Every structure is written in structure tokens, then in C-alpha cells.
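Topology and contacts: notes
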Amino acid sequence: MSRWFLALLLLALGISGLAATKVLHIYTALDVDEAKIYIEAFQQKYPDIKVEWVRLSAGELLARLRAEAANPQASLWLGGPSDTFIVAKMEGLLAPYKESLGWQYLPAKFKDPDGYWVGIYTGFIGFASNKDYLEQHGLEPPTSWYDLLRPEFCGKLSMAFPYTSGTGYTRLATLVFLMGEEKALEFEKKLSECIHHYTKAGSAPVTEVGLGEVAVGIAFSHDVIAKGVAKGYPVVLSFPKEGTGYEIGAMALIKGGPEPDLAKIFYDWMLSAEAQSLYKKWFRVPLNPEAEVAEGLITAEMVNLVEYDALWAAENRDRLCELWQRTTGY
Amino acid sequence: MTRKRVGAGITRPLFCLSRSRAVQLIHDPVLLTVIFCVFALIGLLVVYPLVRVFTASLFQRGAFNPRYFLYFFEGRPYLLRPFLNSITVGVLVAVIGTVVGFLFAYAITRTNVPGKSIFRWIATFPIISPPFLLALSAILLLGENGIITKWLFSRFGIRWSIYGLPGLVLTETLAYFPLAFLTLEGVLSGIDPALEESAMDLGASKLRTFFRVTLPLATPGLAASFLLLFIRSLEDFGNPVVIQGRYPVLTVQAYLAITGMYNLPLGATLAILLLVPSVLAFMLLQFWVGRRSYITVTGRPSTAGLQTTEPYIKWPLFAGLVTLSGIILLFYGMVFYGAFTELWGVNHAFTLDNFRYVFSTGASYLVNTLKLAGIATPLGGILGTIIAYLVTRKDFPGRRALDFLAMLNFAVPGIIVGMGYVFAFNTPPIQLTGTAAIIILVFIFQRMPVTIRDGIAMLQQIDPVIDDAAADLGAGFFRAFRRVTLPLVAPALVAGMAYMFSACVTSISAVIMVVSAKWQLVTVALLHEVDNADLSQAAAYGVVIIVVVLGTIFLMDFLVRNLLGRWRHAR
């Protein structure tokens, strides 16, 4: 009798245990520290959903989705530039979700017309320079793409590979929109001769600039502020006057993901003003008009932006990356 | 010895030799089944993934198209440069590491320098800890803004860069010279000191004896150590991914091609370019070791060995030992220092925040690592011992092939093993990507050669007549293995498993290809921190890994010393 009772008790415990730990699997291209902010806030609001997540760079993440297409391991893709999302949509890796609460407030350029992805933030490519280095050499921060080739900076640059990093590819595509393909590749070739090293992750150059490992890095402005300036590194942000590229950070449901319902809860929450007000901590530019904005944030009006055609960038990604490899040899 | 000879006579009577080996096998269906299963496992989990890497490099969308090989021979820099760079680093590391390892071994075996056991202990440190930590501390110390770099610049105005070739050679030499040291220590202590003594009795000077007797006797060992280090350097992934700078090597480029570009043919081609030199070196190594037994038959020096006491030889070597050990300690010390600093390079205030981070964000990675390594270790240990037992104690058709195939992953760089698993087990019928199983299998089969070698070493210490006796008394394969062989090798098996566990905990190159959202490992998390240049957090992960590994080894030591001894006495 007592044995039966024990067995029932165990069974009940087991079931309640299962109920309490609904697990949502997320892949994110956000920096680990940043992703933690949102995921922890989400878990506080929904304590019965356990989020398991992995950080991968945008290129890696896309590769992972392709590899797992037959058997997706995660349900939601959080963060990373929209062009990788466009590629993923074209390859049938995403699931549409038009009913989302936040979908309505977004202007057309910040979302997929068919609902396969939505923008959650925007950001601009900028230069991060080491203040100490600038002072020691009596230099001003670079304000032109061509400044990077100056002998004072040559050999002391760090930026991400275009083929592993959304940041890196946005840089390459920006140059193409700015100069035309041939000249852009020529310019990248010259940059590659001035490079200290290429990084896999897009935000890594910022910390490297902060550490003094390199003098100037190319990264998204919010990364420069969050990982450089705000952390106390001697980093200063500047933008190229010729114009710079921008990303729309996006989010999407993964087609065939194991937990679509849980993923939708996260999706809706991430588009809310409540969630996007958390961007203050990372100096991101929110897309929800009701979200609170960090002080001193660089907004679109303050920067000269190029005409960035994310669809073209996405469609030409493989070709441009191969060309880039052949040109630079990396 | 007499017993052995008698035993051999009983169990292997002459008429047995005339029987075909296959017929012998039929008499032991269990053995036959075991052999079949082992072949099936090796075929599926060692050979098949490799075949898939080959086909991925040669075929595109089902059609034969060795595009990137043609590009390679055309000399496209993104294929040719990594190849030449890898070979250059490999040769330099092999030469410098062997020289350093030889001096280390010579000082320990042939002179009476003080503190030998401390030096030996320090030299094994790089073997049991995650190797890419060396690259991490190289940046902390010698990076553009490292402690030493800054000091050199402020004092002497010297500017230099650790990134690229110098950093690769430095970190890989530190990581792998201990292998040369261990190999050559065995060789040197295996050389009968009587040979050197006679040379000197015949009037040769110390120097002449060294160059005419000691060095020639150690030459095969030196060659073996050179090849071993060459293979290890070629396959190294952790150090180059951190410190290669503008000097791309094959492992990292193959990894970037697969995970960054999802360009399978390019990644596979880079992998094959890496595989060819390492397998050639491995075959040369097998040939060399097979042909000449450069370790004395008894395996132990007959006497304490001839020891140099002349101060002009001893103290310079001692100074060398102290310097090298100091460098190793400095490198690992930096990891600890970095782990407790607020913000590396800017604010060096003491903090525990990095550990708070590791135990919140990284807690599940650590648990995963321990769990999966804990599952893989006994399975791998037992499978390795069974294969060792089969290849040393049993005679069956295909024994040599089994031996070769099971050892193959020794030469196959980890990154290729991981890549092969992704290619082979990504789609039905065997779909394993994203599961814990694929990581466990990678752990088991990547470590296979070492567990087999350990197993063979253990079995060599047991007189085969004992299991023959068990067989004669009617014990089948499993009974003889479980009741006779296993208890005898238990202490060595426990030690071997502790090292396997540490190796799994610290491994990166193969598993980085197969980790997933559910199953992320602590080494991969560390690498992502380095990728993001969050050095203090990376260092904290490193400290946690080192503590786990040292804990495991101390626990093993305790078990072997106390519990196993008592257990065997009790029986």
C-alpha cells in the first residue's frame, strides 16, 4: 500500500516537475551579456518557462539552421542583422507570425512583408578608436573610410570577417553601396593589408580597441558604446562622413521548431515597450516607439546613412564573400 | 619465467598453428560477436565520417567537382597560404619542442639537479589543461597591450607583435614540448648507462660520449618526438583560433569555412589538405616505432643511470629548467590573475564577478561537460580496453587492420573528426546532430587511440598465461575478461579513465563542430568569450576547467592509492 502511495507521489512529482519546466530553446546572435539581460527579464515575467539558449555569430547561426533544417533544435532566433534573416526566409528556414502584437506598430522597412521576421532594434556601423593611442600620437579619431588607410592606423585595425559575422558583412555591403562593387573590393584589399587581424565575432574589435590590442576597430555603434565606453575602456566612437551602413536587428520563429507556442510568447514580449526599454542597458536603438531611450544615444538623424538595400545584400552574400576571399586571401 | 614457458607450451600446442584462425574463432562465438561488433563500431564511427569528409571535398550537389583542389593547385591564396602556414608552424614547433624536450629530459634523467619531481610535475601541466589557455595568457602577457609588452616598450622602446607566427610557435611549443619530454625521458632512461660508461672508460670525454653514444642512441626517439609534435601542432585549433592574427592556419580556416560560411566543400578541402601531412607523419611514426624498438625491452632503466655532476653542465641545465618552468607557471598564473580582475587592461581591481558570471551563465555548460564526459569516460575506457585486449591477446583475421583503424584518429585532426560526424550523422537514418549522443561519441572515438594505448600498456604488465589459464579452465571471453583481466588492470584503468575524463573536459577541436543549443560545453563557451575579447571572463572559465581537471586527477590518485589497494587486498 505504502509502496503504491510512494509510486503515485513520485509520478505526481514527475508530472508537476515537467509542468514547471517548459523549456524554450533560443539561438541568439546577440552578445552573451546582452542576451542575458532580456532572457533573465523574460524569465522573471514567465517563471514557468525555462529558456535554454546558445550564442552564435549571425553567420554561424544561419549555418546551424541550415544544418538542422530537417530537425530544428531551437524555436526562436533572437537578434542579428536582417539580411541573414532574409536569406533564411528565402531558404524556407523561418515560420511566419503576423498575428504578433508588435507587428502592427512597425513601419514597413523594419519588418518582412510576409511576417517571417520583425525588426527589434537598429544600429549603425562606426569606428571605435583607442583614446590613449590617439593622444600618444596626436591624432583625431577617423572620420572617413579612407582615414583607416593612413599610416598611423595601418597595421592596427581590427574588424570581423564578412563571412562569419553580420557586422563584417554589413561593412562589406556598405562599402559596395558607397563605392560600387569593384572599388569596394579594391578598398577591402587595401584594408586587409592594414589589418592587425580579423575577428569571428562582430563586437570583438571593440574590446580589442579597449585593451589597446589594436588602435581602431569597426563595429556597430551600440557595441562600441556598450562594450567599450560604458565598460570604462578608453574608447571613442566616430562615423565615416561619406556615409555608413546600418542593420535592422531582427527576430524570427524557426520553422519546425520544437516549442512554437512558447516561442510566440517570447516573440510578443520582445516587441513590447517593456522589453525594448531594457535596451537602455546596451545602448540599442529601439523600434517600439513607446520604449524608453538611453541618454546620449546615437540616433539615425545624427549619422550620415547610405542607401542600404538589405535584400540585395542578402541575395549577394555568398557571391560577395567568395569575391572578398579571393581578393584578400583570408 | 619458467611458469610462462610451461604455460605457453600448454595453451599453444603446435597443432594449433596449423588450424586456420577463422576455425579457432568459431569455437568462441562470443569472441566472434565481440570482434564483429568492434569492427562495426569502428567502421561506422571512425571510417565512415572520414569517408564523408572526402566525398564532401570531391562532390558538389552529387556531381564530381573537386573545385577547391583545383583552386589549391592554381595557388589561390585562401587555400595555399593556410597550408604553407600550418606546415611552417608544425616544423618549427616540432624542432624547437623536441630540442627543449630533450634538454628537459636530459637534465632530469642524466644529471643530479635538485627539484626533479617539481619540474616533472610542472611539465605535465600543459598536457592536462586546455591548451588554448596558453594563447589566452600569451595575449595577457605579450599582446599589444600585455604586461610584458608595455614594460618592454616603456623601458626599451621595443615594439613587437605576438600575433601570428611568433605567438603560434611560442604557445604550441609550450603546449606540446611536454610530449617530447615524456617520450625522450623514456628513451634516455632506457639507454643502458653501461654503454656510456664504457665509452668513458675507453677514454672518451663527456662531450664526445654525448655526441657519439647518447645522442645516436636517442636519435630514433628524437625522430618520433619530432613527428609526434608535428602532428599535434598541425591539428591544434585552440591556440591558433586565439592568436593566429594575420597568419591563417588550416584548422581555423576549415572551421570558419564550415561554421561561418557553411561552405562544406571548401571546409572539407581544407580538412583534406590538413589530413594528408598529418597522416603521412603518423605513418612514418608507426614505421619508425615499429621498426626499431628504441625503448628498452624491460621498459625500466637497469640502474639509476649515469648522472652528470659537473657544475658547468648541471647548473646551466638547471637554469634552463627553472626558466622554462617559470614561464609555464607564469602563463598559468596569468590566467588566475586575469580571472580575478575587474576589466583586463583597464581596471585590475580584484573581483569575483567573473566567477559569478561563470556560475550563472556558464553553470549549465559546466554541468553538461561533466555529465557527458562522465558518460563517455567509462564507455571509452571499457571499449578501449576490449580493443587493446583483442589486438594484443587474440589472433583473428583483420587484427592488424583493426589495430590501424582504431588508432587512426590519433593522426586525424580533431576538427576533421567533428566535421565528419556532422556530415555523417546529420540526416536519417542516423541523425545525431543536436543530441548529447554525438558529443559522447566524439569524446569516445577521438580519445580511442589513447585509451587503446593505455590498455595495451596495462595488458603488457599481465602475463598472458593467466587468461590462457582461465580460458583452459572453461571461462568464456566475457568471464575471463571480467574476472581475470579487469581486476588486474583496475588501478591502471582508473588512472587512464581519469586522464580520459580530463581530456574530454578540456577538448575543443572536435566537439566545437557538434555542440548545440541543448548541449553546449564549457570549453566552447570559453572560446566564445575569447572571440568576443572578454578576457577576464574567459580566464575565469579557464580557472574553473583547471580546478575540475586537477580535482579529477587528485581524486583518481586517492582512489588508486587507498580504495583500490584495499579492495584488492580484501579479495
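This section reports on the structure supplied with the text. No experiment lies behind these values; they were computed from the predicted model shown.

**Points about the overall build of chain A**
- Broken down by element type, chain A carries 13 helices and eleven strands.
- Taking 330 residues into account, the globule formula puts the C-alpha radius of gyration at 20 Å, and chain A, at 22 Å, falls close to it.
- For chain A, the spread of C-alpha atoms along the principal axes amounts to about 85 × 40 × 35 Å.
- Per-residue burial over chain A gives 64% buried out of 330 residues.
- Averaging the positions of the 31 positive and the 41 negative side-chain charges in chain A gives two centres separated by 3 Å.

**Considerations on the state of the cysteines**
Residues and elements named next belong to chain A.
- A full pass over the atoms with the stated rule returns one disulfide over all chains.
- The disulfide partner of Cys154 is Cys194, and the S-S distance across this bridge is 1.9 Å. An S-S torsion of about -90° defines the bridge between Cys154 and Cys194 as left-handed. A residue pair is termed long-range when its members are at least 10 positions apart, and Cys154 in the loop between α5 (131–136) and β6 (157–160) and Cys194 in the loop between α7 (181–193) and β7 (195–199) qualify at 40 residues.

**Points about the environment of Phe72 of chain B**
Residues and elements named next belong to chain B.
- Here Phe72 is to be found in helix α5 (residues 67–74).
- When the C-alpha positions of Phe72 and Leu270 are compared, they lie 9.4 Å apart, and in sequence the two are 198 residues distant.
- For Phe72, the residues in contact, after removing those within four places along its chain, are Leu79, Leu80, Phe83 and Leu273.

**Some thoughts on the interface of chain A and chain B**
- Contact residues are listed per partner, giving 48 residues for chain A and 49 residues for chain B.
- Summing the contributions of chain A and of chain B, the shared interface buries around 4,300 Å²; its carbon and sulfur component is 51%.
- Of all residues in chain A, Leu211, Glu213 and Tyr330 of chain A bury the most surface against chain B, accounting for 14% of the area lost on that side.
- Inspection of the chain A/chain B interface yields three salt bridges.
- Across the pair Arg76 of chain B and Glu322 of chain A runs a salt bridge whose closest N-O atoms are separated by 3.8 Å.
- Those elements that provide at least two residues to the side of chain A that touches chain B are β1 (22–28), α2 (32–45), β2 (49–55), α3 (58–67), α7, β7, α8 (204–211) and α13 (317–328) of chain A.
- At six residues, the largest contribution of residues to the side of chain A that touches chain B is made by α3 of chain A.

Rules and cut-offs
- Residues numbered from 1 in each chain as written.
- Chains lettered and ligands numbered in written order.
- Predicted model: local features only at pLDDT ≥ 70, side-chain atom pairs only at ≥ 80, totals over all residues.
- Heavy atoms only, no water.
- Helix = DSSP H or I, 4+ residues; strand = E, 2+ residues; numbered from the N terminus.
- Rg over C-alpha atoms; globule rule 2.2 N^0.38 Å.
- Buried < 20%, exposed > 50% of the residue type's maximum accessible area, 1.4 Å probe, protein only.
- Lys, Arg positive; Asp, Glu negative; His and termini not counted.
- Charge placed at Lys NZ, Arg CZ, Asp CG, Glu CD.
- Disulfide = S-S within 2.5 Å.
- Contact = heavy atoms within 4.5 Å.
- Buried area = accessible area lost by both parts, 1.4 Å probe.
- Salt bridge = Lys/Arg side-chain N within 4 Å of Asp/Glu carboxyl O.

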